[in-house]
Amino acid sequence: GVCLPPLRISTQPSSLSPFELRITSGGWSPLTSDRYQWLQVDLGERTKITAVATQGRYGSSDWLTTYLLMFSDMGHNWKQYRQEDSIGSFSGNSNADSVVQYKLQQPAMARFLRLIPLDWNPSGRIGLRLEAYGCPYSSDVVSFDGSSCLLYRLTAGSRRTSTSVVTLKFKTMRNSGTILQVKRSDGLSLNLELERGKLLLLLRRGRTLSTETRHLASLGSLLDDQHWHHVTLELHSLHVNLTVDKLTKRVQIPTELHHLDIDELSFGAVESLLQKTIISSRNFHGCLENLQFNGLNLLELAKVNDHRVAAGNLTFSCVEPNSVAVTFSDPHSFLQLPWATASSSEGASVEFQFRTWNKAGLLLTFDLPQQGGVVWFYLSESHCARPAVCALTEHLTCSALSDGQWHSVELNSRRGHLSISVDKEEGGSAQASPSFPVAVESQLFFGGCPTEDRQESKDHLDTFYGCMRSITLDTNIVDLILVQQRQLGNYSNLQIDMCGIIDRCSPSRCEHGGCCSQSWTNFHCNCSDSGYSGATCHSSVHEPSCEAYKHNGNTSGYFYIDVDGSGPIKPQLVYCNMTETDTWMILQHNNTELTRIRPSPGVDQLSVHFGYLSEEEQLLTAISQSEHCEQELSYHCRKSRLHNTSEGSPFSWWLGGPGSGRVHTHWGGAHPDSQQCSCGLQGDCDSGLLTHKESLPVRALVLGDVQRPGSEAAYRVGPVHCYGDKNFWNAASFDKQTSYLHFPTFHGELSADISFLFKTTTSSGVFLENLGIKDFIRIELSSSTWVVFSFDVGNGPLEVKVESRVPLDDGRWHRVRAERNIKEASLQLDDLPVATQQAPTDGHVHLQLNSQLFIGGTASRQGGFRGCIRSLKLNGATLDLEERAKITPGVRPGCPGHCSSYGPLCQNQGRCVEKPSGFSCDCSSSAYTGIFCQTELSGSFKAGTSIRYSFKDPYEWSRNSSHLPSSIYSDSTPRGENISLSFRTTQSPALLLYISSFYRGHLEVRYKLDSSRDAEVLRSGVRGMANGHLHSVSIRRQTHTVSMQVREISPTCVYLNTLSTFKIKSDDLDPHLTRVASLGFTGCLSVVQFNSINPLKAALLHPDSSPVVITGPLAQSNCDQSDSVGSGQPLVNAFRTDSALIGGVIAVVIFVIVSALAVTARYLYHRKDTYRNQEGKQVKQEDSPDFPFNNQMDSQNRSTESTKEYFI
């Protein structure tokens, strides 16, 4: 209807607070200014109130600064009006003359309005002039008493409609009952039922109480508060929209309800009046208002006895139960009531109901004057309720009482016994019977204690936060209105005639499946196993791609990736194959093997469908965000055709792309729609990669011509392989402080997360800013070490700061993660601890922005950012900085220079190489390999295995080094050596790298730099090295100084007396080396390095292009695994003959030759031959494959005197 002009509310004594007031022509002002005053207005009838306005008292210093608004239909059972569902108070005036008006976000339908002052001008008193705005409100109401029913039967012409809509309002004090049944003639019904204060949408089949029931949806909470709640049920052909108050849920309905033909609507009762009405606890007790079906007012039809409507036991008015509740909302709240019993023989009883979210709190306490004791009755977390009397304690174990439902308590004292019952009428009674008499001539305290008695109760009891009602003393119901008027008992900090409980978990603010729990003042989200973190489970704990995991230093493996961060798409488990060139994400399906087609009789066409492990949104988003994707599609056939039917259409095709996919006739390696390749009658048909992302993934294969006599066919559809992350490297470079990018307004009303990387050489600048009328959000670099996240949602500006331990203007990438939700704001910089700032419990929660979003600058064009911003995500969505930068002056797309940040990921002397989007590690100068040069190269050696590496002359190096890996070269005449290797063996003695395991018990290094002198020996005290464990040896010489380090033990150093260069003759070779060389080496060697030479790596990875000769079996292995020791025998059986060798040591002699003309390998072979002749009974023939060195040398190497060789 048309709204009336603003209603000016007169302040008549009859419509004001029952307390004594001072009424003047300038407004309302009570005699006493405290929080127990109120102004109540009777509008005469229910009115749609849309706004209120306040002023201070005329010509005075009296005005309100904050106040509460309450509404009621009957003048009791008040409901507090809340803004944004959380803010309970309104801001008032700052002087006596200005008008402050509030438009109510949701109009209030009420007859009575009550304004309660909270704060006022400290230099004055409570003073108020009030004005309310609204419209007339008309309605039809009906009461249901549990035996009532209203039935509407549809005519044949009105049953079939594309959409059916039922609207109504209801109010009730019962937490269960059937409100609506939408029935079909076959007994199938769609029901709206209250259950524990929530409205359930159920699908029921059958006409008895034991019907088959399916739960479809649940909405709302605490709907048994005796206030009006609006319900809309929209029935569509494939889904249902259910609305309760301001919450709406869309529900897909089962197939059997598609195109529902409604036969009748039943309200209030389980069964319709066509059958015998069943009095059931599932029937509805309460009132319905404005009951409409497809715009038809059913209550008007019932009043005029329309033939389509049948009604029973209805009252066309709303009968309000006379129940007064009281709210304990403050730590100082308590209710004091007088209670006296003449003697214990007469008995005494206390009954009340309570509801709360808190697991602990004092419910009731009273003194026992005759016994000199005190009774405490309270909730505890370990027990539902616990009465304690002096040293006597009884526990009542029952179901949870902190569930927000009403629970009843009875305390009865009869003949010296106190009995306690909880929820007796609900069938869930928990009882205890302490043995002591109760004769009370004192006071009862509910919920808390007065200030003077508070210390004793506070020491061991929590304050009760919640509601109570139906307080009965010795069968007499306490009139709480008299308490409110100070005519009975006493109270403090109570809200009387209302229950102010709020369900902070309905709707749940916990995102992504987080579990919500709550107390009276707050809520908590349990994010365990959700894949998300934060106060509301908003931010993903997983990276968005394999590329991101790589740049965190991870190597290949299974990872959860979250392609949209905090968005609705769930994380998915994928395998990340991180190679030296690309990082591949592998998306699997249910059949990646080569599958032979087995024709079925009479079936000319075979259809195969593929189910992917990832969900649809996960799969398509992962493919879309990747730089490149491919999928193998192969079809092997003989005498089966792909194309060339008589009509020209193909025999076979495949489906690929979004949804169920579209038809494709091209095959692997061919361009879409090319219908290539065709298959002849002989040979293989087609095998290749599909690389057009729009046609991926392959959903199904349809294969024809499989019944031809003698035909054979097989297919394989591999997993989807993708590499690159377009979002991860999406960057922009800001050249000036006045340059910026702008985007549409950022929408993050309740939850907002922002993440990005930046690098700069300036000490300050604004990364991001978005403004509203009053609200704003901003992230900035305030100094070289501080990042600040600031915003305002209406509660005043709030800042979260993080200080870095290192300067942030170092030209390296730094990561920022900021989040704001209704509980807190958080900010994280790099890997520093997260800084948080709690939000006000009952403050504004909606972030309302309306301007453009500025990146790299501000709306004022001041304090902009100079540097690079990359991978900017807002609520999981990546902003395309590069595309916007292409058309924006002063901003360049992309940002080079990543090694300054990611270079440390390259390990073991690996070199970082810049790429346009990212970096790679060059491992050519490292003895390691892998994506970060982190994988050690190990070789498994048998007794007949050896590697010979030939050093080239400087001329040879300069001539040939351009096309060979740099790991095979070295300086020609080094002044020192850096030698390192790791080995594991159970053999002693053995030759490693001119290392012989001859001297047992210690490690020796022999340097012989002068042929005229004996070798100088450097010994290590490390023992037990032939024990099958992995040992690392590092030897360094610089001219005359040699140091040796074994494992993590401090190095041993020695000063050589010999010259640093020498010449040596063949007969001067240590005979022990010749002997040990003939025995070979059995075990594992890894990461062998001589200066910049990596001979083992060259032999394992580049045997054809490196100057190496491999003799005998050499296999790549892992020295960390025990099964590669020796010949595979258990370590306990490795030695049998010599007890001194069991668990013995490996003593190593390193014979390093440094000379312009080094010793050639033939001298070693000559000595080996000589020793074989002397020790023939221990050594096999020269041509035996077990020998580690055989005489079939390359003729060129044997004739080149300038060639130096060293052996492994």
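Please read these numbers as outputs of a predicted model, since none were measured by experiment.

**Regarding the overall build of the chain**
Here is step 1: For the chain, the helix and strand inventory stands at 12 helices and 85 strands.
Here is step 2: With 1208 residues in all, the chain has 54% of them scored as buried.
Here is step 3: Across the chain, the fraction of contacts at a sequence separation of at least 24, relative to all contacts at a separation of at least 6, is 70%.

**A closer look at the pairing of strand β19 (residues 247-252)**
Here is step 1: Here six bridges tie strand β18 (residues 239-244) to β19, and the two strands are oriented antiparallel to one another. Looking at β19, one finds that Val240 is bridged to Val251.
Here is step 2: Hairpin geometry of β18 and β19 is characterised by an intervening segment of two residues between the two adjacent antiparallel strands and by a positive phi of about 55° at Asp245.

**Section: the pattern of salt bridges**
Here is step 1: All chains considered together, the criterion is met by 23 salt bridges.
Here is step 2: The partner of Arg57 in a salt bridge is Asp62, and the shortest N-O contact between them spans 2.6 Å.
Here is step 3: For the salt bridge of Lys183 with Glu264, the shortest nitrogen-to-oxygen distance reads 3.6 Å. Of the two residues, Lys183 sits in strand β13 (residues 177-183) while Glu264 sits in strand β20 (residues 264-267), which places them 81 residues apart along the sequence. The burial state of Lys183 is the same as that of Glu264; both residues are buried.
Here is step 4: When salt bridges that share partners are traced, they join Arg46, Asp73, Lys171, Glu289 and Glu320 into one network.

**Describing the sheet that holds strand β11 (residues 149-153)**
Here is step 1: Taken in spatial order, the seven strands line up as β16-β15-β14-β13-β20-β11-β23 in an open sheet, and their pairing is antiparallel. Each edge of the sheet is formed by a strand with only one pairing partner; in this case those strands are β16 (212-219) and β23 (309-312). If you compare each strand with its neighbour and ignore which way they point, the axes differ by 15° on average.
Here is step 2: Bridge count between strand β14 (residues 188-195) and strand β15 (residues 198-205): eight bridges; the pairing is antiparallel. Bridging across to β15, Leu190 finds its partner in Leu203.

**Focus: the pairing of strand β79 (residues 1041-1046)**
Here is step 1: For strand β78 (residues 1031-1038) and β79, the ladder comprises six bridges, and the chain directions are antiparallel. Each residue of the ladder has a partner; that of Arg1037, found in β79, is Val1042.
Here is step 2: Hairpin connection, β78 to β79: the antiparallel pair is bridged by two residues, and Thr1039 has positive phi, about 50°.

**Quick word on the confidence of the model for the chain**
Here is step 1: For the chain, the average pLDDT comes to 79, and 75% of its residues sit at 70 or higher.
Here is step 2: Per-residue pLDDT stays below 50 along residues 389-393; that stretch engages in 13 contacts with residues further than four places along the chain or on separate chains.

**Observations concerning the state of the cysteines**
Here is step 1: Evaluated as defined, the whole model comprises 12 disulfides.
Here is step 2: Between Cys510 and Cys525 runs a disulfide, and the two sulfur atoms are separated by 2.0 Å. Torsion about the S-S bond of the Cys510 and Cys525 cystine: about -90°, corresponding to left-handed handedness. One end of the pair, Cys510, is in the loop between β38 (494-496) and β39 (515-518); the other, Cys525, is in strand β40 (residues 523-526), and 15 residues separate them in sequence. For the pair formed by Cys510 and Cys525, the shared burial category is buried.
Here is step 3: The disulfide bridge from Cys923 ends at Cys933, spanning 2.0 Å between sulfur atoms. Every disulfide takes its handedness from the sign of the S-S torsion; for Cys923 and Cys933 that torsion is -95°, giving left-handed. Of the two residues, Cys923 sits in the loop between β69 (918-922) and β70 (928-929) while Cys933 sits in the loop between β70 and β71 (935-936), which places them 10 residues apart along the sequence.
Here is step 4: On the basis of relative accessibility, which here comes to 5%, the residue Cys923 falls in the buried class.
Here is step 5: Owing to a relative accessible area of 0%, Cys933 belongs among the buried residues under this scheme.

**A closer look at the nonpolar core**
Here is step 1: The biggest cluster of nonpolar side chains holds 53 residues, and the ones touching the most others in it are Tyr635 and Leu701.
Here is step 2: One finds Ala217, Val240, Ile253 and Leu257 within the second-largest nonpolar core, a separate group that totals 44 residues.

**A word on the side chain of Ser739**
Here is step 1: Tracing the sequence through the fold places Ser739 in the loop between β54 (731-734) and β55 (741-743).
Here is step 2: A distance of 2.6 Å separates a polar side-chain atom of Ser739 from the backbone oxygen of Lys736.
Here is step 3: Within the structure, the side chain of Ser739 is placed 3.4 Å from the backbone oxygen of Gly890, a separation counted as a polar contact.
Here is step 4: Filtering out sequence-adjacent residues up to four positions away, Ser739 remains in contact with Phe734, Gly856, Gly857, Pro889, Gly890 and Val891.

**Examining the packing of aromatic side chains**
Here is step 1: Overall, the coordinates contain 30 aromatic pairs when judged by the stated rule.
Here is step 2: With 5.9 Å between their ring centres and 65° between their planes, Phe144 and Phe284 make a pair best called edge-to-face. Remark: Phe284 occurs in the loop between β20 and β21 (285-293) and Phe144 occurs in strand β10 (residues 141-145); sequence separation between them is 140 residues. The residues Phe144 and Phe284 share a single accessibility class, namely buried.
Here is step 3: The interplanar angle of 70° and the centroid separation of 6.3 Å between the aromatic rings of Phe734 and Phe865 together place this pair among those described as edge-to-face. Here Phe734, found in strand β54, pairs with Phe865, found in the loop between β64 (853-855) and β65 (867-874); they are 131 residues apart in sequence, far enough to count as distant. For the pair Phe734 and Phe865, a shared accessibility class is recorded, and that class is buried.

**Comments concerning helix α5 (residues 616-625)**
Here is step 1: Looking only at α5, the buried set comprises Gln618, Leu619, Ala622, Ile623 and Gln625.
Here is step 2: On the buried face of α5, the contacting elements are β44 (572-578), β45 (583-587), β48 (628-638), β52 (698-704) and β53 (712-723).

**Comments concerning the environment of Leu798**
Here is step 1: Mapped onto the elements, Leu798 comes out in strand β60 (residues 798-803).
Here is step 2: Sequence separation between Leu798 and Gln838 is 40 residues, and the spatial gap between their C-alpha atoms is 9.6 Å.
Here is step 3: Beyond its immediate stretch of four places on either side in the chain, Leu798 contacts Phe789, Ser790, Phe791, Gln837 and Gln838.

**Regarding unusual backbone geometry**
Here is step 1: Residue Ser506 is joined to Pro507 through a cis peptide bond whose omega torsion reads 0°.
Here is step 2: That bond from Leu696 to Pro697 is cis: its omega, 0°, falls within 30 degrees of zero.
Here is step 3: If you trace the backbone, Pro697 turns up in the loop between β51 (686-690) and β52.
Here is step 4: Positive phi, close to 50°, is recorded for Ser871, a residue that is not glycine.
Here is step 5: With respect to the helices and strands, the residue Ser871 is situated in strand β65.
Here is step 6: A positive phi angle, close to 50°, is found at Asn875, a residue other than glycine.

**What to know about the sheet that holds strand β49 (residues 653-656)**
Note: strands within a sheet are paired through backbone hydrogen bonds, in either parallel or antiparallel orientation.
Here is step 1: Taken together, four strands build an open sheet; the order of strands is β47-β52-β49-β50 and the sheet is antiparallel. Unpaired on one side and paired on the other, β47 (605-609) and β50 (662-664) mark the two borders of the sheet. Between one strand and the next, the sheet's axes are offset by a mean angle of 20°, whatever the strand orientation.
Here is step 2: Pairing geometry for β47 and β52, over five bridges, is antiparallel. If you follow Val608 over to β52, its bridge partner there is Leu701.

**Describing the environment of Gln618**
Here is step 1: Positionally, Gln618 belongs in helix α5.
Here is step 2: The exposure class of Gln618 is buried, given its relative accessible area of 4%.
Here is step 3: Placed 55 residues apart in sequence, Gln618 and Val563 show a C-alpha to C-alpha distance of 6.9 Å.
Here is step 4: The residues touching Gln618, leaving out its near neighbours within four places in the chain, are Val563, Ile569, Lys570, Pro571 and Gln572.
Here is step 5: Here Glu615 takes part through its backbone nitrogen, which lies 2.8 Å from a polar atom of the side chain of Gln618.

**So, the environment of Gly1028**
Here is step 1: With respect to the element layout, Gly1028 can be found in the loop between β77 (1016-1020) and β78.
Here is step 2: Each C-alpha atom of the pair Gly1028 and Phe983 lies 9.0 Å from the other, and the pair is 45 residues apart in sequence.

Quick notes on the rules
- Residues numbered from 1 in each chain as written.
- Predicted model: local features only at pLDDT ≥ 70, side-chain atom pairs only at ≥ 80, totals over all residues.
- Heavy atoms only, no water.
- Helix = DSSP H or I, 4+ residues; strand = E, 2+ residues; numbered from the N terminus.
- Buried < 20%, exposed > 50% of the residue type's maximum accessible area, 1.4 Å probe, protein only.
- Contact = heavy atoms within 4.5 Å.
- Pairing = 2+ DSSP bridges.
- Salt bridge = Lys/Arg side-chain N within 4 Å of Asp/Glu carboxyl O.
- Axes fitted to C-alpha atoms, helices over the stretch in contact; angles between N-to-C directions.
- pLDDT = per-residue confidence, 0-100.
- Disulfide = S-S within 2.5 Å.
- Core = buried A, V, L, I, M, F, W, Y, C linked by side-chain atoms within 4.5 Å.
- Polar contact = N/O pair within 3.5 Å; in protein donor to acceptor, adjacent residues only side chain to side chain.
- Phe/Tyr/Trp six-rings, centres within 6.5 Å; stacked < 30°, edge-to-face > 60°.

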